There are 2 protein chains.
Amino acid sequence: MASPLISYSEAAEQVHLFILALAEESATPAHSASSEIVPLTAAAGRVLAAPIRADRDQPPFPRSTRDGFACRAAEANSHQLLFRAGQVRAGETASGSLGTGEVWEIMTGAPVPDGADAVFMVEHVDKNPGGDKNSDAGQNHDFVRLAATRTIQPGENIVPRAAEARTGDLLIPPGTRLGAAQIALAAQCGYHELTVAPQPRVAILSTGDELVPVESVPGPSQIRNSNTPMLAALVAAAGGIPVVLPAVPDQEDALDAALFHALDADLLLVSGGISAGRFDLVEDALTRMGARFFFGGVAIQPGKPVAFGQLPRLGQTPLPFFALPGNPISGAVTFHLFAAPLLAALGDDTALQPRFALAHLAGNWNGKPGLTRFLPAHCDFDPAPEVRLIPWQGSGDLAAFARSNCLLVIPAEAQELPEGSPIQILLT
Amino acid sequence: MASPLISYSEAAEQVHLFILALAEESATPAHSASSEIVPLTAAAGRVLAAPIRADRDQPPFPRSTRDGFACRAAEANSHQLLFRAGQVRAGETASGSLGTGEVWEIMTGAPVPDGADAVFMVEHVDKNPGGDKNSDAGQNHDFVRLAATRTIQPGENIVPRAAEARTGDLLIPPGTRLGAAQIALAAQCGYHELTVAPQPRVAILSTGDELVPVESVPGPSQIRNSNTPMLAALVAAAGGIPVVLPAVPDQEDALDAALFHALDADLLLVSGGISAGRFDLVEDALTRMGARFFFGGVAIQPGKPVAFGQLPRLGQTPLPFFALPGNPISGAVTFHLFAAPLLAALGDDTALQPRFALAHLAGNWNGKPGLTRFLPAHCDFDPAPEVRLIPWQGSGDLAAFARSNCLLVIPAEAQELPEGSPIQILLT
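Thresholds, definitions, all that
Residues numbered from 1 in each chain as written. Chains lettered and ligands numbered in written order. Predicted model: local features only at pLDDT ≥ 70, side-chain atom pairs only at ≥ 80, totals over all residues. Heavy atoms only, no water. Least-squares fit on C-alpha atoms with pLDDT ≥ 70 in both. Contact = heavy atoms within 4.5 Å. Salt bridge = Lys/Arg side-chain N within 4 Å of Asp/Glu carboxyl O. Helix = DSSP H or I, 4+ residues; strand = E, 2+ residues; numbered from the N terminus. Buried < 20%, exposed > 50% of the residue type's maximum accessible area, 1.4 Å probe, protein only. Axes fitted to C-alpha atoms, helices over the stretch in contact; angles between N-to-C directions. Parallel < 35°, antiparallel > 145°, perpendicular 65-115°, else oblique. Left-handed = near helix turned anticlockwise from the far one by under 90°. Nonpolar A, V, L, I, M, F, W, Y, C, P; charged D, E, K, R; others polar. Pairing = 2+ DSSP bridges. Patch = residues over 30% accessible without salt bridge, like charges linked within 9 Å, V, L, I, M, F, W, Y side chains within 5 Å. Areas by Shrake-Rupley, 256 points an atom, 1.4 Å probe, with all protein chains shown as cover. Buried area = accessible area lost by both parts, 1.4 Å probe. Polar contact = N/O pair within 3.5 Å; in protein donor to acceptor, adjacent residues only side chain to side chain. Bend = angle between axes of the 7 residues up to and from the residue. Core = buried A, V, L, I, M, F, W, Y, C linked by side-chain atoms within 4.5 Å. Phe/Tyr/Trp six-rings, centres within 6.5 Å; stacked < 30°, edge-to-face > 60°. Lys NZ or Arg CZ within 6 Å of the ring centre and 35° of its normal. Disulfide = S-S within 2.5 Å.

Now for the relation of the copies chain B and chain A. Related by rotation about an axis and a shift along that axis, the two copies of the chain form a pair. Relative to chain A, chain B is turned by 180° and slid 0.0 Å along the rotation axis, the superposed coordinates differing by an RMSD of 0.1 Å. Here the copies are linked by what is in effect a two-fold axis. Ranked by how close their C-alpha atoms come to the rotation axis, the residues of chain B are headed by Leu 358 of chain B, at 2.3 Å. A share of 100% of the interface residues of chain B reappears at the interface of chain A, consistent with the copies meeting face to face through the same patch.

This is the structure in structure tokens:
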């Protein structure tokens, strides 16, 4: 491909600009008409399409965060004996309010009675309030007092009503990917089903004369098509629906026909056929379909010959595509860096970023500057993250890739990385 | 609960010891008899139960990693004109071997012809090999030569046969969680279906008088049960099958009956009812069932009153359980720290660790030492990880938790953390 190489950050910016344009488009009413309703229990991993709002104040009452005694802090701090006037458990409402010189025994999660301004913990009760050596713990008595070594502030161990949210507050905006925390919050607000965005349909097209299906016995110069199942797994993990097309040989007619069949997808991933070779026909085929290319090569290793563009479609928005390198590690790396965020955005989650974190480098690295590298590595995450490069034979080495659990990021300008230094990893 | 607090690392070690015992047990033949066979396309996220081996050498032939010219490096480095004797594409076998003074045009992924010891890239061909100013690029000529500015090493751009794997090599051991890389490697080796471990069945039992179902309108002192759907989502994300039991009130009989129903699960998660209060009946109910407790409180925030143990079962191995705190953030934190690794191990993946990574701290923190803290935080992962605490009203504040995407780890001894310092986060 004749396209000049651009830097990793320039390429990421191109994808980001495309996502920003999608975000504007997804705000239109026509767009939101396509949403789906799913049970709360099936919503994990989906993207919210309608806001979650508080159906009442949260907490709905001043909530005790401890087991202990609802009190007036000033009285408790005087360490006087306080009369145990009542009891309120989670799920109950106090049958009265707190009088002078009183406490109410209270459980975690229960509503604090009117008149109380703090809760002292049961562990902080004076164990021997009457001075009687034979008495048991204070909670068996009619009177309790705060232990002499303790004081309590007004408000302590109480979450005021509506401190977390007020009725009607927007708690989860549309476009949020739903995880366990969001599902719990939706449940708290009474949503037993959720309106979610449709999952993008992602056409996967592997190309190459050398490919045979997984079920086949390859000839001496053939290999099984491993990219299609790999990309299908990546698409599904990123929240898309893989639409697997049969692999096509390096023939113009076959490529043209396959691309035509992909036109009703939301995103197209073509694998292979986009290097510098004479039989890398994918760019030509995309060009024949009228493709607009945003980039056609990125200064990264692996994954340099990755292309991003869109194909015109009659009466529809253009189809975005990535032409991914045919070497499997190159394909996976470019998927994570570029395709995954765009895929998420096509499903209305415009906030997904490649997840870069830091870990301590085990061993060291030195090499030539010029390319941003994303190399197969293994991170020991516990008790502190330590990452080590996995020896590999290059971007076709699936055996090495399968031993990795992240990618180690080497900046374009780096010539050596010292042992122990905090270094970026790309979480996969 | 009267149990003494143990440190986070002591608690993690208890779980780890239990997992080591499980790992021994899972090596028995009786255990592996329960495995399942699934199509390769449905294997993502499952745990491999039978080894993946190379069905032939990888690569099966010396593989060119570039589009270019297979050559003898010594001849290429002399910068003589070399005769283009043939061509080999991916999927083809060279029709002959390389003679003296010859090159073969070769494509990425194609087998290197006998006699060649290197491949020089098409981009490194002398563009004007005849010295003719009007000629086009070298690849249209019968002769090519390596550009004068380039040299090539023997072996360059060739992966030797079997460099990645030899026939019969163990490529993926049983117990490996299958992701896209492992699926690609299995495909390469001809596995269109895979033998996987059964997913552990995880009983989820929320307790508390205050709980009403998600579909209900809670009374003034009631709340909807958000822990059950949250834990179900966490269990599913960790590879388990959630077995949701109806929530039970704080009544002995109801608890006993519910625990009895949970006995045929592989793991039990009880939520709520295990703090210091008089109506926290879960510990007593577990004790009535003959529970052995490994720990009953950990010096962490949130999540301190978490218990880990096992229940005896007639004719079966004991049922491991976690009694998780009822506050939802406490429940989620303790799930990630303790329950997720054990759940994975029950599904034969004994390598899962809590994923701690590093990020730069935005803002600063100061507080009392003594507890290892796991606080809701938001990490901006791109272009470099930067994490910020989310203001919260304590471990019941689901609205805050739903704005988080990780947990910030504050070591037990820390009293302040300065802005910008690399700090551990727990990836969720």
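There's more to say after this.
If you walk through the whole model with that rule in mind, you get 20 salt bridges over all chains. With a closest N to O distance of 2.8 Å, Asp 256 of chain B and Arg 288 of chain B form a salt bridge. Here Asp 256 of chain B, found in helix 6 (residues 252-261), pairs with Arg 288 of chain B, found in helix 7 (residues 282-288); they are 32 residues apart in sequence, far enough to count as distant. We classify Arg 288 of chain B as partly exposed; its relative accessible area is 40%. A network of salt bridges, in which partner residues are shared, links Glu 252, Asp 256 and Arg 288 of chain A.

Moving on to helix 5 (residues 227-237) of chain B. Note that an α-helix has 3.6 residues per turn; residues three or four places apart therefore point the same way. All names here are of chain B. Among the eleven residues in helix 5, nine count as buried, and that is most of the element. Every buried residue of helix 5 is accounted for by Asn 227, Thr 228, Pro 229, Met 230, Leu 231, Ala 232, Ala 233, Leu 234 and Val 235. Following helix 5 by one or two positions, Gly 239 has its phi on the positive side, about 95°.

Residue and element names in this part refer to chain A. Taken N-terminus to C-terminus, the directions of helix 5 (residues 227-237) and helix 8 (residues 328-346) make an angle of 30°; their axes are 11 Å apart at the nearest point. As the angle between them shows, helix 5 and helix 8 are arranged roughly parallel. For the pair helix 5 and helix 8, the sense of crossing is right-handed. Counted together, Asn 227, Met 230, Leu 231, Leu 234 and Val 235 of helix 5 and Pro 328, Gly 331, Ala 332, Phe 335, His 336 and Leu 343 of helix 8 form the full contact between these two elements. Partitioned by chemical class, the residues of the contact of helix 5 with helix 8 number eight nonpolar, three polar and no charged.

Now for the sheet that holds strand 7 (residues 118-121) of chain A. Residue and element names in this part refer to chain A. Taken in spatial order, the five strands line up as 7-4-6-5-8 in an open sheet, and their pairing is mixed. Only two strands of the sheet have a single neighbouring strand rather than two, namely strand 7 and strand 8 (143-144). Pairing of strand 4 (residues 68-71) with strand 7, which is carried by four bridges, proceeds in the antiparallel orientation. The residue of strand 7 that forms the bridge with Ala 70 is Val 119.

This part covers a nonpolar patch on the surface. Among the surface-exposed residues, Leu 81, Phe 83 and Phe 143 of chain A lie close enough to one another that they form a single nonpolar patch of about 250 Å² accessible area. Within the fold, Leu 81 of chain A resides in the loop between helix 3 (73-77) and strand 5 (82-88).

With that settled, the discussion passes to the interface of chain B and chain A. The interface is formed by 90 residues belonging to chain B together with 90 residues belonging to chain A. Across the chain B to chain A interface the summed buried area is about 7400 Å²; carbon plus sulfur atoms make up 56%. Taken together, the connections running from chain B to chain A amount to four salt bridges. A salt bridge links Arg 89 of chain A to Asp 209 of chain B; the nearest nitrogen and oxygen atoms lie 2.9 Å apart. The interface formed by chain B and chain A includes 27 residue pairs in polar contact (both at pLDDT 80 or more). Contributing elements (two or more residues each) for the side of chain B that touches chain A: strand 5 (82-88), helix 4 (180-188), strand 14 (223-224), helix 5, strand 21 (355-361), helix 9 (398-401) and strand 27 (422-427) of chain B. Looking at which element gives the most residues to the side of chain B that touches chain A, the answer is helix 4 of chain B, with eight residues.

Let's shift gears to helix 8 (residues 328-346) of chain B. Along helix 8 of chain B, the largest kink reaches about 50° and is centred on Phe 335 of chain B. Counting buried residues along helix 8 of chain B, 18 of its 19 residues qualify, which places the element largely inside the surrounding structure.

Right, let's get into the nonpolar core. With 68 residues, the main nonpolar core has Leu 269, Phe 322, Phe 335, Phe 338, Leu 342 and Phe 374 of chain A as its most contacted residues. Here this core gets twelve residues from one element, more than from any other, and that element is helix 8 of chain A. Apart from residues lying up to four places away in sequence, Phe 335 of chain A is in contact with Leu 231, Leu 234, Val 235, Ala 238, Leu 269, Leu 324, Ala 340, Pro 341 and Leu 343 of chain A. Residues Ala 186 of chain A together with Phe 294, Ile 329 and Ala 332 of chain B belong to the second largest nonpolar core, which totals 67 residues.

All told, the structure shown has 24 aromatic pairs over all chains when counted by the stated rule. Their ring planes at 45° and their centres at 5.9 Å tell us that Tyr 8 of chain B and Phe 338 of chain B sit as a pair that is tilted. Of this pair, Tyr 8 of chain B sits in helix 1 (residues 8-25) while Phe 338 of chain B is found in helix 8, placing the two residues 330 residues apart along the sequence. Tyr 8 of chain B gets classed as buried once you look at its relative accessible area, which sits at 12%. The residue whose ring lies beneath Arg 355 of chain A is Phe 381 of chain B, and the NZ or CZ to ring-centre distance is 5.4 Å.

Residues and elements named next belong to chain B. Examined against the element boundaries, Pro 302 turns out to sit in the loop between strand 18 (300-301) and strand 19 (307-313). The class of Pro 302 is buried, set by a relative accessible area of 4%. Counting along the chain gives 68 residues from Pro 302 to Gly 370, while the straight-line C-alpha distance between them is 13 Å. The contacts of Pro 302, once residues within four sequence positions are left out, are Ile 329, Ser 330, Val 333, Phe 374, Leu 375, Trp 392 and Ser 395.

Think of a sheet as strands paired side by side through backbone hydrogen bonds, with each pair either parallel or antiparallel. All names here are of chain B. Strand order in the open sheet formed by six strands is 15-12-16-20-19-17, and the pairing between neighbours is mixed. Looking at strand neighbours, the two that pair on one side only are strand 15 (241-244) and strand 17 (292-295), the edges of this open sheet. For this sheet the average axis-to-axis angle between neighbouring strands, irrespective of direction, equals 25°. By the bridge criterion, four bridges tie strand 12 (residues 201-206) to strand 15 in an arrangement that is parallel.

We now examine the state of the cysteines. In this structure the tally under the stated criterion is zero disulfides over all chains. Here Cys 379 of chain A is not disulfide-linked; the sulfur of Cys 406 of chain A is the nearest cysteine sulfur, at 5.2 Å.

Time to look at the packing of helix 4 (residues 180-188) of chain A against helix 5 of chain B. Remark: helix 4 of chain A packs on helix 5 of chain B, axes separated minimally by 8 Å, with the N-to-C direction vectors making an angle of 160°. By the criterion of interaxial angle, the relationship of helix 4 of chain A to helix 5 of chain B is roughly antiparallel. Crossing angle aside, the handedness with which helix 4 of chain A passes helix 5 of chain B is right-handed. From helix 4 of chain A, Ala 180, Ile 183, Ala 184 and Ala 187 of chain A reach across to helix 5 of chain B, where they touch Pro 229, Met 230, Ala 233 and Leu 234 of chain B. Along the lines of polarity and charge, the residues of the contact of helix 4 of chain A with helix 5 of chain B split into eight nonpolar, no polar and no charged.

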